[in-house]
Protein chains: 2
Amino acid sequence: MPYPFSPLTSAIKDKITAAVTPGSVITENHALKIYTGDASKLHCTPEMVICPHSVADVQRVIQLANSYNFPVTPRGAGSGLAGGCLADHAGVVLSTERLTEIPVIDPVNGIIKVQAGVISQDVKSAAEAGGLYYPPDPAGMDLSTIGGNAATDAGGPACVKYGTTRDYILGLEAVLPNGKCIATGVQTRKGVVGYDLTNLLVGSEGTLGIITSLWLRLIPKPPAIIGLMCVFSDMASAMNSVTAIMASGHLPCAIEFLDHKCISLIGEMLPFALPGTTPSILIIELDGPENQIKQELSTIEQLLQRQGAAAIIPATNQQQRQEIWNVRRQVSLRIHDYANVYIPEDVAVPISAIAQLIDALPVYEKKYSVEIFAFGHAGDGNIHLSVTAKDSDNRDNAESAVKDLLALSLKLNGTISGEHGIGLAKKRYLPMELSPTSIALQQSIKKLFDANNILNPGKVFPDQPETTTT
Amino acid sequence: MPYPFSPLTSAIKDKITAAVTPGSVITENHALKIYTGDASKLHCTPEMVICPHSVADVQRVIQLANSYNFPVTPRGAGSGLAGGCLADHAGVVLSTERLTEIPVIDPVNGIIKVQAGVISQDVKSAAEAGGLYYPPDPAGMDLSTIGGNAATDAGGPACVKYGTTRDYILGLEAVLPNGKCIATGVQTRKGVVGYDLTNLLVGSEGTLGIITSLWLRLIPKPPAIIGLMCVFSDMASAMNSVTAIMASGHLPCAIEFLDHKCISLIGEMLPFALPGTTPSILIIELDGPENQIKQELSTIEQLLQRQGAAAIIPATNQQQRQEIWNVRRQVSLRIHDYANVYIPEDVAVPISAIAQLIDALPVYEKKYSVEIFAFGHAGDGNIHLSVTAKDSDNRDNAESAVKDLLALSLKLNGTISGEHGIGLAKKRYLPMELSPTSIALQQSIKKLFDANNILNPGKVFPDQPETTTT
């Protein structure tokens, strides 16, 4: 066992309970069950779940973890797809769900301060109430917390124009694994004082610190948003359209793609007959001043037609947009429930290589007796490859298919994770992408932050064969 | 002496010379002189200057530095304002000026790979030749290197819309202080695999690694750019205009400010009579589709008039724009040459607090017998406060004024450096902004990367009284 933690005895549980605000400890079995899983379909059972009411509560739990050698796994809303918030080594799950204050909304300076447990959609709404805009839109942002979004650097459709969660974080407050509090970054639009600890914590998947508050920058709200759904009879035309749009100087705020396997799951929802045997769908949205985006959308429609679009469904009002996004959302949900084995991958490749990646899928489907659904953010090359198998016994095969797909993505100058993160699910594959020098350096950073390895142990880095040094 | 380095004996110099590509060592005294200074007016004399021709050259110098205990100070073009590239502890200055290849320009995927010594303006030009746009525009980008821009996370007027250098760096190649090479980040638009070493190296001012190559993301080139220069009879009206513009949903690609002291240096260049005794100038630019920005500029002009603009000079073509930017550039140059003592500060504050900061300047001018010139990037609150004194003996007073100004900026929820960095010039002030926990953590990261402290020692962190531990 690489991490010989102490079990949480009743005595230790009592100490934890006494140290935090009354009402912070979850004890009912049915309630505890929620904290055993996330959206990855992986499961781990913690020994105890704490929902701190304050930063001081967080600090006390961490201090006790160092004293009594138990692991602490931070958790937002458990909507992650990589098992990053699961208590792989049991111990305490620390949920930020009660840290939900929004102490600062400052429309003049375009900044907002939020606690880590605020639901991401509520951040967007609070910004809009102040006349401003928080662009990131990860799937499930009506569930996920802003702290979880930061810990995983969550993406979403709008990334193609606006970047990821990281790009909106000016500064953080966090409890370090040694129990100390730290404030990083600035409350201004710029700041270059010392090392960028903010970005080091962001995307570290809760292994370097527990984020408790975030300073976010907001931008002016785009006055209008319109879009369309477009179907092609093949995938190549869809992908040629994506590269043509990006090369034409337009910058849509979403360019989503659904392959023919995804379309087969939601065919009945579509307002058009499906062309060909392997149809593809693009969902494209533009935001900005109304006149401008109307003109741009018309140019893009012409471009799509030149690429052989079989049908174009415009979405010029909110209801039409919602109908289209509902199709997109249903794809995720139906894949999730499609088969017993479900491995949600999210490679990213240069957009010119997407077609090559997707063309190769039938080879792996055949080789490993799996079904692979491809959809995602074509505008930034981030394609979700959901590898599924009806038969639970086929999990090993599905994992082999995943490994081949990751290798292919890397060969295409891509990455093994565009936005989901590594967590538990993909840690064994880390050495496929990162050099031994990089991994060793990152592990030494982890050790520097967390000498006792109490914070989210067993995540991100591959398990090592135990070495005995004396 | 906190860093007891070995002097570079002839024998060590010979080893270095033998280890690198012939022609990499600069020996002529007049040429060496260039490497003793930067734009901060500080000076340090290195024992040797190396201009590597390859990454292997860089590695070999670093390996020898570890073996023979001499410091290595990386340097781009020496256009920094904080002394970050000066050989404070003598030893070797390692200039990246000959690492000037651009091995990849990929317009389809919107990425470019450049070596660290490429001049920033050449990156912009290479992007434009591919039909794309590299937005960062730090002052002196016709001199500065992209590696130096990355090491300091350089800003510039366009930051208000486009962010800083950091926001365009997808990945890096660097030589670590232990001599190992590392590749960080991705070549795709997104990537969340492991810790964000890219952003840790960016802005670390050459203390954690020598950046040798960068993968940059490019965006579609805005089809048009127009602007204006506007003069007000007082500063408050100018600042009210800035907050009004930002609150109105417009996002200009520059909102520059000149205070009355700056204007007094370039009055003869202006095409209008100066109103009042403390006039202020704003330079505003918008980029995007021509129709849209013309409409926006007209709205902004009306807004400026409502705020009491005394004169508005439009810039609708390239020549008019250049005339306006020439005024702005002359301000920097003339302040630089204005007085014997010149300390270029670059605090950033929330934009709503700029007026309060500038209103306070006369108090410090009087208290310390200095003159303070305020200009800069009003749109993101990054104001350059150049503290000057005619009399060289007044340097201590000028430093006291700086310290007061930094304290005031922090009181206004600002930062002591918006874009110049800490380097040598401001390291003593680091504890004013960062907590002991943050500084200690950052110093331990430095130690982790650079156990022998050979890479750019004496920068960023305040000098410590020597402690003897055995």
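Residues numbered from 1 in each chain as written. Chains lettered and ligands numbered in written order. Predicted model: local features only at pLDDT ≥ 70, side-chain atom pairs only at ≥ 80, totals over all residues. Heavy atoms only, no water.

## Topic: the overall build of chain A
The cut-off we apply is this: Strands here are runs of E lasting at least two residues and helices are runs of H or I lasting at least four, both read from the DSSP assignment and numbered beginning at the N terminus. Note on classification: 1.4 Å probe, protein chains only; a residue is buried when its accessible area is under 20% of the maximum for its type, exposed when over 50%, partly exposed between these limits. Contact definition: two residues touch when any of their heavy atoms are within 4.5 Å. In these tables, accessible area is a Shrake-Rupley quantity obtained with a 1.4 Å probe, and a residue counts as shielded only by the protein chains included in the view. Think of it this way: Lys and Arg go in the positive column, Asp and Glu in the negative one, and His and the chain ends go nowhere. Charged side chains are reduced to one point each, which is NZ for Lys, CZ for Arg, CG for Asp and CD for Glu.
When helices and strands are tallied, chain A shows 16 helices and 18 strands. Here the C-alpha coordinates of chain A stretch approximately 70 × 55 × 45 Å along the principal axes. Taking all 470 residues of chain A together, the buried fraction comes to 60%. In chain A, of all internal contacts separated by at least 6 residues, the share reaching a separation of at least 24 is 75%. Within the structure as shown, chain A displays about 17300 Å² of accessible surface, and the carbon and sulfur contribution to it stands at 51%. The positive charge centre, built from 35 side chains, and the negative charge centre, built from 45, are 3 Å apart in chain A.

## What about the pairing of strand 6 (residues 111-115) of chain A?
Residue and element names in this part refer to chain A. Selection criterion: Two strands form a pair only when DSSP identifies at least two bridges running between them.
Of all five residues making up strand 6, five are buried, and the element is well covered by its neighbours. Here strand 6 shows two buried faces, one formed by Ile111, Lys113 and Gln115 and the other by Ile112 and Val114. Inspection of the sheet shows strand 5 (residues 104-106) paired to strand 6 by three bridges, in the antiparallel sense. By the bridge assignment for strand 6, Ile105 is matched with Ile112. Connecting strand 5 to the next strand, strand 6, in antiparallel fashion are four residues, including Gly110 with a positive phi near 65°. As paired strands, strand 6 and strand 10 (residues 210-217) are joined by five bridges and run antiparallel to one another.

## Considerations on the environment of Leu406 of chain A
All names here are of chain A. Here Leu406 is to be found in helix 14 (residues 395-411). Through-space distance from the C-alpha of Leu406 to that of Tyr429 is 8.3 Å; in sequence the pair is 23 residues apart. In contact with Leu406, not counting residues within four places along its chain, are Glu345, Val347, Ile416, Lys426, Tyr429 and Met432.

## Examining the sheet that holds strand 8 (residues 169-175) of chain B
Residue and element names in this part refer to chain B. Note the cut-off: Fitted lines through C-alpha atoms serve as axes, helices being fitted only where they are in contact, and the angles separating the N-to-C directions of these axes extend from 0 to 180 degrees.
Spatially, 5-6-10-8-9 is the arrangement adopted by the five strands of the open sheet, whose pairing is antiparallel. The two strands at the open ends of the sheet, each matched to only one other strand, are strand 5 (104-106) and strand 9 (181-185). Ignoring which end each strand starts from, the neighbouring axes of this sheet average 15° apart.

## Let's talk about empty space enclosed by the protein
Residue and element names in this part refer to chain B. So the rule is basically this: The way it works is a 1 Å grid over only the protein atoms, where trapped points that fit a 1.4 Å probe form a cavity and open points with protein on both sides within 12 Å along at least five of seven lines form a pocket, and then any residue with an atom within 4 Å of a point lines it. Grid points are joined across faces, edges and corners, and a volume is the space filled by probe spheres set on the points. Any residue that is not Ala, Val, Leu, Ile, Met, Phe, Trp, Tyr, Cys, Pro, Asp, Glu, Lys or Arg is counted as polar, Gly included; the first ten are nonpolar and the last four charged.
One pass over the full model with this rule turns up one cavity of 30 Å³ or more. Its volume calculated, the largest cavity comes out at about 40 Å³. Along the walls of the largest cavity sit Leu81, Ala82, Pro344, Glu345, His420, Gly421, Ala425 and Lys426, which together make up its complete lining. Counted by class, the lining of the largest cavity contains four nonpolar, two polar and two charged residues.

## Considerations on the pattern of salt bridges
For clarity, the threshold we go by: Any Lys or Arg side-chain nitrogen found within 4 Å of a carboxyl oxygen on Asp or Glu counts as a salt bridge.
Inspection of the entire model under this criterion finds 42 salt bridges over all chains. For Arg334 of chain B, the salt bridge goes to Glu268 of chain B, with nearest N and O atoms at 3.1 Å. Residue Arg334 of chain B is located in helix 11 (residues 318-336), and its partner Glu268 of chain B is located in the loop between helix 9 (260-266) and strand 14 (280-288); the two are separated by 66 residues in the primary sequence. A salt bridge links Glu345 of chain B to Lys426 of chain B, with the nearest nitrogen and oxygen atoms 2.6 Å apart. In this pair, Glu345 of chain B is assigned in strand 16 (residues 341-348) and Lys426 of chain B in the loop between helix 14 (395-411) and helix 15 (430-433), connecting sequence segments 81 residues apart. The pair Glu345 of chain B / Lys426 of chain B is uniform in exposure class, with both members buried. Because the salt bridges share partners, they merge into one network encompassing Asp153 and Arg166 of chain A together with Asp196 of chain B.

## Section: helix 14 of chain B
All names here are of chain B. Defined as follows: The span one expects for a helix is its residue count, reduced by one, times 1.5 Å.
Over its 17 residues, helix 14 runs 24 Å from end to end, which matches the ideal 24 Å to within 8%, given 1.5 Å per residue. Residues of helix 14 that are buried include every one of Ala398, Glu399, Ala401, Val402, Leu405, Leu406, Leu408 and Ser409, and no others. Packing partners of the buried residues in helix 14 comprise strand 16, helix 12 (354-359), helix 13 (361-368), strand 17 (371-377), strand 18 (382-389) and helix 15.

## Observations concerning the relation of the copies chain B and chain A
Put simply, the rule reads: We superpose the copies by least squares over the C-alpha atoms of residues that have a pLDDT of at least 70 in both of them.
In screw terms, the move from chain B to chain A is a rotation of 180° and a rise of 0.0 Å along the axis, fitting with an RMSD of 0.0 Å. The relationship between the two copies is best expressed as a two-fold rotation axis. In this assembly, 100% of the residues forming the interface of chain B have copies in chain A that are likewise at the interface, indicating an isologous arrangement.

## Some details on the sheet that holds strand 17 (residues 371-377) of chain A
The strands that make up a sheet pair up through hydrogen bonds in the backbone, lying either parallel or antiparallel. Residue and element names in this part refer to chain A. Reading across from one edge, 15-12-14-13-17-18-16 is the order of the seven strands in this open sheet, with antiparallel pairing throughout. Unpaired on one side and paired on the other, strand 15 (311-315) and strand 16 (341-348) mark the two borders of the sheet. Pairs of neighbouring strands in the sheet enclose a mean axial angle of 15°, with direction left out of account. Pairing of strand 13 (residues 254-258) with strand 17 involves three bridges; the strand directions are antiparallel. In the strand pairing of strand 17, Glu256 is matched with His377. Of the strands in this sheet, strand 12 (224-232), strand 13 and strand 14 (280-288) are in contact with helix 8 (residues 235-247), which crosses strand 14 at around 20°.

## Some points on the interface of chain B and chain A
The test is simple: Once two parts are put together, the accessible area they lose, assessed with a 1.4 Å probe and summed over both, is termed the buried area. Whenever a nitrogen or oxygen atom comes within 3.5 Å of another N or O atom, the pair is scored as a polar contact, on the condition that within protein one atom can donate a hydrogen and the other can accept it, and that pairs from neighbouring residues in sequence are kept only if both atoms are in side chains.
Each side of the interface is counted separately: chain B has 72 residues, and chain A has 72 residues. With both chains or domains summed, chain B and chain A bury close to 5600 Å², and 66% of this area falls on carbon and sulfur atoms. Of all residues in chain B, Lys190, Val192 and Tyr195 of chain B give up the largest surface area on contact with chain A, accounting jointly for 18% of the area buried on that side. Here Lys190 of chain B and Asp380 of chain A are joined by a salt bridge, their closest N and O atoms 3.6 Å apart. On inspection of chain B and its partner chain A, the count reaches 16 residue pairs in polar contact (both at pLDDT 80 or more). Residue assignment for the side of chain B that touches chain A shows that the elements contributing at least two residues are strand 9, helix 7 (197-201), helix 15 and helix 16 (436-449) of chain B. Per-element accounting of the side of chain B that touches chain A gives the leading share, nine residues, to helix 16 of chain B. Tallied by class, residues from the side of chain B that touches chain A come to 29 nonpolar, 31 polar and twelve charged.

## Observations regarding the packing of aromatic side chains
The following threshold applies: Here the aromatic set is Phe, Tyr and Trp, taking the six-membered ring for Trp, and pairing holds for ring centres within 6.5 Å; pairs whose planes are under 30 degrees apart are stacked, those over 60 apart are edge-to-face, and all others are tilted. We call a charge positioned over a ring when the NZ of a Lys or the CZ of an Arg lies within 6 Å of the ring centre and within 35 degrees of the ring normal.
Taken as a whole and judged by the stated rule, the model has eight aromatic pairs over all chains. Ring centres of Phe461 of chain A and Tyr195 of chain B lie 5.4 Å apart, and the angle between their planes is 90°; this geometry places the pair in the edge-to-face category. Of this pair, Phe461 of chain A sits in the segment after helix 16 (436-449) while Tyr195 of chain B is found in the loop between strand 9 and helix 7, placing the two residues in two different chains. Across the ring face of Phe373 of chain A, the terminal group of Lys261 of chain A is positioned such that the distance to the ring centre comes to 5.2 Å.

## As for the nonpolar core
Quick reminder of the rule: To define a nonpolar core, start from buried Ala, Val, Leu, Ile, Met, Phe, Trp, Tyr and Cys residues and group those joined through side-chain atoms within 4.5 Å.
Leu214 and Leu304 of chain A together with Leu214 and Leu304 of chain B are the most contacted members of the largest nonpolar core, which has 190 residues in total. Excluding its chain neighbours within four sequence positions, the residues that come into contact with Leu304 of chain A are Leu228, Cys230, Phe232, Ser241, Ile245, Leu282, Ile284, Ala309 and Ile312 of chain A.

## Observations regarding the side chain of Gln442 of chain B
Here Gln442 of chain B lies in helix 16. Residues within four places of Gln442 of chain B in sequence aside, it is in contact with Gly194, Tyr195 and Leu197 of chain A together with Leu434 and Phe461 of chain B.

## Observations concerning helix 16 of chain A
The test is simple: For this quantity, the arc is that covered by the directions from the helix axis to the C-beta atoms.
With 14 residues, helix 16 of chain A should reach 20 Å at 1.5 Å per residue; the first-to-last C-alpha distance of 20 Å fits that figure. If you check which residues of helix 16 of chain A are buried, you get Ser438, Ile439, Leu441, Gln442, Ile445, Lys446 and Phe449 of chain A. Mapping the buried residues of helix 16 of chain A onto a view down its axis gives an arc of 165°, with all of them on the same face. In helix 16 of chain A, the exposed positions angled more than 90 degrees off the buried face are occupied by Pro436 and Lys447 of chain A. Turning to helix 16 of chain A, the residues buried within the fold contact helix 7 (197-201) and helix 15 (430-433) of chain A together with strand 9, helix 7 and helix 16 of chain B.

## Regarding the domain arrangement of chain A
Residue and element names in this part refer to chain A. What counts is decided by this rule: Each domain's limits were defined by an automated method or a database of domain assignments.
As assigned here, chain A comprises domain 1 (10-95), domain 2 (104-220) and domain 3 (224-411). With centres defined by C-alpha atoms, the gap from domain 1 to domain 2 works out at 22 Å. Domain 1 puts twelve residues into the contact, and the matching count from domain 2 is 13 residues. Put simply, domain 1 and domain 2 have zero salt bridges between them. Where domain 1 meets domain 2, there are two residue pairs in polar contact (both at pLDDT 80 or more). For the side of domain 1 that touches domain 2, the secondary-structure elements that each account for two or more residues are helix 3 (55-68) and strand 3 (72-75).

## Describing the packing of helix 13 (residues 361-368) of chain A against helix 14 of chain A
Each pair of packed helices can be summarised by the angle the axes make with each other and by the distance between the axes. All names here are of chain A. Filter applied, for reference: What sets the label is the angle itself: under 35 degrees gives roughly parallel, over 145 gives roughly antiparallel, 65 to 115 gives roughly perpendicular, and the rest give oblique. Crossing chirality is assigned from the near helix's rotation relative to the far helix, an anticlockwise turn below a right angle marking it left-handed and a clockwise turn marking it right-handed.
The N-to-C vectors of helix 13 and helix 14 enclose an angle of 155°; their axes lie 9 Å apart at closest approach. Taken as axis vectors, helix 13 and helix 14 run roughly antiparallel relative to one another. For helix 13 against helix 14, the interelement crossing comes out right-handed. Of the residues in helix 14, those in contact with Leu361, Tyr364, Lys367 and Tyr368 of helix 13 are Asn397, Ser400, Ala401, Asp404, Leu405 and Leu408. Grouping the amino acids of the contact of helix 13 with helix 14 by side-chain chemistry returns six nonpolar, two polar and two charged.

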